[in-house]
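Spelled out, the chains give:
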Amino acid sequence: MNRLTGATSPYLLQHADNPVHWFEWGDEAFAEARRRDVPLLISVGYSACHWCHVMAHESFEDQAIADVMNRHFVNVKVDREERPDVDAVYMAATQAMSGQGGWPMTVFATPEGNPFYAGTYFPPAQFRRLLAGVAQAWAEERENVLAQGAKVVDALNLRAGLPQGPLPGPEIVAEAVEDLAKTFDATRGGFGRAPKFPPSMVLEFLLRVGTGKALAMAEKTLDAMARGGIYDQLGGGFARYSVDVAWVVPHFEKMLYDNALLLRVYAHWWRSTGSVLARRVALETADWLLREMRTPEGGFASALDADSEGEEGRFYVWTPGQLTEILGEEDGAWATQLFEVTGTFEHGTSVLQLLHDPDDRDRFDRVRAALLAVRETRVRPGRDDKVVAAWNGLAIVALAETGALFDRPDLIDAARTAATLLADLHVSRTGSEVRLARTSRAGQVGANAGVLEDYADVAEGLLGLYSVTGESQWFTLAGELLDTLLARFPDGEGGFYDTADDASSLFQRPKDPTDNATPSGQFAAAGALLTYAALTGSTPHREAAENALGAVSVLASAYARFAGWGLAVAQAALAGPLELAIIGPLDDPGTQALHRTGLMSTNPGLVIALGDGQSPVPLLQHRTTIDGAPAAYVCRQFTCRLPVTTPAALKAELT
């Protein structure tokens, strides 16, 4: 029977009516494979994955194919967003065996979980032949199959991890900028060839460098993405990637992690340069997050599908005739030209671009509102409404900082509400230890334990929320999460494993310090540890952060695109710790003016503590107002200069 009906994952629930006898990942599936003496067929995907839907319709809904799967295999369906650890180890095997990776991922493994054959999407005829061939090999060539599985595992274990280098210095940063310049597209922005993914972590690094070639590469890329089809010119928010080099046609799924990371980057671009485009895109993306991604419980959903009504992109594309019908002849012709509606997509439709600013802003706002209203009547793409702890951590810090920079208290409130959901639902306590669940859905916490990125990104989010609000409970919880991270995840060599020491066993304990679609867990941990060390003066946290950054030195000169977040954190380590303690009533205009001055600083090593003198944050302790006036103390390693009481004086201290 199909065992997915009780799953909390929307992706698994999409397969709950398949004739395939799916199991969720877990001991039950492995025990059943051993009992029946058959291989595991492990299918890994996610809800917004277009080709996952295709393979499901073609194969998993086909009774004849399902009968073969049920007869010869124990079939396990995995949501890679719920189990990134399972996805990571089997993706490494898939890439090693097939030379490529992607989703859906299809892995055949022994009852012990050792992979012996793997691939990605298979058309139905090929999939039928593959099922028959693997079943025959298991029955007639078992010894060779087992040997192949053992060989794959041994090879993967030999190459696991990266050597650690020294803490990156200025010369490593310079080498990274030069390495990025080698693949930079000077005409269209971004790096490398199609498909082009938003290089969020690299852009944050380049903005933190903030000058010369680094700033030019960042600005070119940010401008090109914001004007292209990868950005939703009507509703805000970015798609997963562009299928072409010019950011014209996206793969239309929208992911929370992309938009959280890019929201923060665009807000920081505005802070650095005052770019009007940066401000618009940041606020539109924030509004999109609140409008379309918030769950009833106050968290943020994982993704929007690419497809609606069985067609990729149908919700987002337009024809000239549609624009004329909605807007009339004159406005329709104007919008057709402005949005580049020239048949850039399929069947004569176009993805909207905005390559040039409109000459009439009021007219543009009216046209945009009219098109958005009509689009809202279309059948919407599906939404994966599970709450992933790590990605909500990214959203919390992005919304908190954006709300503070643009005086949008509603964004800060949304960040606070999401943090409260994580604290109340995802966090559990056993004695003095705090543990974190990876996911929840509809107010029900999932069974999967948090991985390294969950602890690191949630800690980063909470520390960012504290620095914006001065609410010390977020600082305290972040410290507790980092205590668990330091106790459960270290690899003994200065880095971190991606799973805790008591996590369910896989054929390999995953450990990947490189960035992927999100910051690597190791580099995210380094960032949170560095911030916490600056707020507390903790030498162990500072040393753990610096040790974790050792992998950056190995990657920077040749693989900087895969170390963007590590390089961004390294910039903070080199520039800091620059500690800013602001003392005063939180509702005092003087306190608020000093706070805003600190928030507007572009120094990547700056860490802000905000409170009224009764805070548990060590950086604030024994610091007082000056003659009753709010005061700011600028410190390095807890050694502070004389306090100042005016924004102008503080700005001079921070320059």
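Treat the numbers as computed from the prediction; the structure is a model and nothing was measured.

A.B. asks: Even after reading the chapter, I still don't get the state of the cysteines, so can you show me in this structure?
C.D. replies: A disulfide bridge is the covalent bond that connects two cysteines by way of their sulfur atoms. In this structure the tally under the stated criterion is two disulfides. For cysteine 49, the disulfide goes to cysteine 52, at an S-S distance of 2.3 Å. Negative torsions about the S-S bond denote left-handed disulfides, and the value of about 80° found for cysteine 49 with cysteine 52 makes this one right-handed. Cysteine 52 matches cysteine 49 in its accessibility class, with the two residues each being buried. Paired through a disulfide, cysteine 635 and cysteine 640 show a sulfur-sulfur distance of 2.0 Å. Its S-S torsion of about 90° marks the bond between cysteine 635 and cysteine 640 as right-handed, since a negative value means left-handed. Residue classification places cysteine 640 among the partly exposed residues on the basis of a relative accessible area of 26%.

A.B. asks: Can you walk me through the layout of surface pockets in this structure?
C.D. replies: In this structure, the second largest pocket occupies an estimated 360 Å³ of space. What lines the second largest pocket is a set of 18 residues, among which Ala404, Ile412, Val468, Gln592 and His595 lie closest to the centre. Those elements that place two or more of their residues in the lining of the second largest pocket are α16 (389-405), α17 (409-426), α18 (452-469) and α24 (589-599).

A.B. asks: Looking at this model, I keep getting lost on the environment of leucine 481. Mind explaining?
C.D. replies: By secondary structure assignment, the location of leucine 481 is in helix α19 (residues 472-488). Measuring from C-alpha to C-alpha, the distance between leucine 481 and valine 458 comes to 8.2 Å, with 23 residues separating the pair along the chain. Non-local contacts of leucine 481, meaning those with residues more than four positions away in its chain, are made with Val434, Leu436, Tyr455, Val458, Ala459 and Leu462.

A.B. asks: What is the right way to look at empty space enclosed by the protein in this model?
C.D. replies: Within the structure shown, the criterion is met by four cavities of 30 Å³ or more. Approximately 680 Å³ is the volume found for the largest cavity. Arg208, Arg264, Glu401, Pro604 and Leu606 are, among the 37 residues lining the largest cavity, the residues nearest its centre. Listed by contribution, the elements that provide at least two residues to the lining of the largest cavity are α9 (200-209), α11 (256-273), α16, α18, α20 (521-536), α23 (564-575), α24 and β18 (606-611). Looking at the lining of the largest cavity, its residues break down into 18 nonpolar, 12 polar and seven charged. Approximately 120 Å³ is the volume attributed to the second largest cavity. The wall of the second largest cavity is formed by 15 residues, among which Gly229, Tyr231, Asp232, Tyr316 and Val351 lie closest to the centre. Grouping the amino acids of the lining of the second largest cavity by side-chain chemistry returns 10 nonpolar, two polar and three charged.

A.B. asks: Teacher, can you tell me more about the pairing of strand β17 (residues 578-583) here?
C.D. replies: Taken residue by residue, a regular strand's side chains alternate between the two faces of the sheet. Of all six residues in β17, six are buried; the element is thus mostly enclosed. With burial as the criterion, each face of β17 is covered, one bearing Leu578, Leu580 and Ile582 and the other bearing Glu579, Ala581 and Ile583. Direction of pairing for β17 relative to β18: parallel, over a ladder of six bridges. Following the sheet pairing, isoleucine 583 is matched in β18 by glycine 611. Taken together, β17, α24 and β18 constitute a β-α-β crossover, and its handedness is right-handed. Across five bridges, β17 lies against strand β19 (residues 631-636) in antiparallel orientation. Within β19, the position partnered with isoleucine 583 by the bridge is alanine 631.

A.B. asks: What is the right way to read the sheet that holds β17 from this model?
C.D. replies: Strand order across the open sheet formed by four strands is β18-β17-β19-β20, with mixed pairing between neighbours. Two strands bound the open sheet, and with one partner strand each, they are β18 and β20 (639-640). The sheet contact formed by β19 and β20 spans two bridges and is antiparallel. Of the residues in β20, the one forming a bridge with cysteine 635 is cysteine 640. Packing against the sheet, α20 makes contact with β17 and β18, and its axis sits at approximately 50° to β18.

A.B. asks: What am I meant to see in the sheet that holds strand β4 (residues 105-109) here?
C.D. replies: Within a sheet, adjacent strands bond to each other through the backbone by hydrogen bonds, running parallel or antiparallel. Spatially, β1-β3-β2-β4-β5 is the arrangement adopted by the five strands of the open sheet, whose pairing is mixed. Either end of the sheet is taken by a strand with one partner, and the two such strands are β1 (22-24) and β5 (115-119). Here the average twist between neighbouring strands, direction ignored, is 25°. Each of β1, β2 (40-45) and β3 (74-79) touches helix α2 (residues 27-36); the most contacted strand, β3, lies at about 160° to it.

A.B. asks: How should I be thinking about unusual backbone geometry in this particular structure?
C.D. replies: Comment: phi is negative for the bulk of residues other than glycine, and the bulk of peptide bonds are trans. Geometrically, the link from tryptophan 103 to proline 104 is a cis peptide bond, its omega value of 5° lying close to zero. With respect to the helices, strands and loops of the structure, proline 104 is situated in the loop between α5 (84-98) and β4. Cis geometry marks the peptide bond from glycine 576 to proline 577; its omega dihedral reads 0°. With phi around 60°, aspartate 37 is a residue other than glycine that occupies positive phi space. Taking the relative accessible area as the measure of exposure, aspartate 37 reaches 39% and is therefore partly exposed. Its identity is not glycine, yet phenylalanine 638 carries a phi of approximately 70°, on the positive side. Within the secondary structure, phenylalanine 638 is located in the loop between β19 and β20.

A.B. asks: Sorry if this is basic, but what is going on with the packing of helix α8 (residues 170-183) against helix α10 (residues 212-227) here?
C.D. replies: Any two packed helices are characterised by how steeply their axes cross, that is the angle between the axes, and by the distance between the axes. Two elements in contact, α8 and α10, have axes whose closest approach is 10 Å; the angle formed by their N-to-C orientations is 40°. Judged by the inter-axis angle, α8 sits oblique to α10. Two packed elements cross with a definite hand, and for α8 against α10 that hand is left-handed. Residues Val177, Glu178, Leu180 and Ala181 of α8 form the contact with α10, whose participating residues are Lys213, Ala214 and Met217.

A.B. asks: Can you help me understand the nonpolar core in this one?
C.D. replies: Within soluble globular proteins, side chains that are nonpolar generally end up buried alongside one another. Ranked by size, the top nonpolar core spans 185 residues in total, and within it Phe127, Tyr266 and Leu485 carry the most contacts. Leaving out residues up to four positions away in the same chain, phenylalanine 127 has contacts with Leu41, Met55, Ser59, Phe60, Ile65, Met69, Thr106 and Phe122. Ranked by size, the runner-up nonpolar core spans 27 residues in total, among them Ile42, Val76, Tyr90 and Ala109.

A.B. asks: It is not clear to me how the side chain of asparagine 75 should be interpreted in this structure. Could you clarify?
C.D. replies: One can find asparagine 75 in strand β3. Polar contacts involving the side chain of asparagine 75 include one to the side chain of asparagine 70, which spans 3.5 Å.

A.B. asks: Is there a simple way to explain the packing of α16 against α17 in this structure?
C.D. replies: α17 packs onto α16 with a crossing angle of 155° between their chain directions and a minimal axis gap of 7 Å. Looking at the two axes, α16 sits roughly antiparallel to α17. When you trace α16 past α17, the crossing you get is left-handed. Across the interface between the two elements, Ala389, Asn392, Ile396, Leu399, Ala400, Thr402, Gly403 and Ala404 from α16 touch Leu411, Ile412, Ala414, Ala415, Ala418, Ala419, Leu422 and His426 from α17. A per-class count over the contact of α16 with α17 returns 12 nonpolar, four polar and no charged.

A.B. asks: Got a minute to help me understand the pattern of salt bridges in this structure?
C.D. replies: When the charged atoms of two side chains lie near each other, side chains of opposite charge can form a pair. Here the structure, examined in full by the defined rule, presents 46 salt bridges. Two residues, aspartate 331 and arginine 363, come together in a salt bridge whose shortest N-O distance is 2.9 Å. Of the two residues, aspartate 331 is situated in helix α14 (residues 329-338) and arginine 363 in helix α15 (residues 361-375); the sequence distance between them amounts to 32 residues. Of the two residues, aspartate 331 and arginine 363, neither departs from the other in class, the shared state being buried. Close ionic contact of arginine 408 with aspartate 410 constitutes a salt bridge, the shortest N to O distance being 2.8 Å. Among the ionic contacts, a cluster of salt bridges with common partners joins Glu433, Arg435, Arg488, Asp501 and Asp502.

Calculation rules
Residues numbered from 1 in each chain as written. Predicted model: local features only at pLDDT ≥ 70, side-chain atom pairs only at ≥ 80, totals over all residues. Heavy atoms only, no water. Disulfide = S-S within 2.5 Å. Buried < 20%, exposed > 50% of the residue type's maximum accessible area, 1.4 Å probe, protein only. 1 Å grid on protein atoms, 1.4 Å probe; cavity = no way out; pocket = protein on both sides within 12 Å on 5 of 7 lines; lining within 4 Å. Points joined across faces, edges and corners; volume = space filled by probe spheres on them. Helix = DSSP H or I, 4+ residues; strand = E, 2+ residues; numbered from the N terminus. Contact = heavy atoms within 4.5 Å. Nonpolar A, V, L, I, M, F, W, Y, C, P; charged D, E, K, R; others polar. Pairing = 2+ DSSP bridges. Right-handed = clockwise from strand over helix to strand, strands pointing away. Axes fitted to C-alpha atoms, helices over the stretch in contact; angles between N-to-C directions. Parallel < 35°, antiparallel > 145°, perpendicular 65-115°, else oblique. Left-handed = near helix turned anticlockwise from the far one by under 90°. Core = buried A, V, L, I, M, F, W, Y, C linked by side-chain atoms within 4.5 Å. Polar contact = N/O pair within 3.5 Å; in protein donor to acceptor, adjacent residues only side chain to side chain. Salt bridge = Lys/Arg side-chain N within 4 Å of Asp/Glu carboxyl O.

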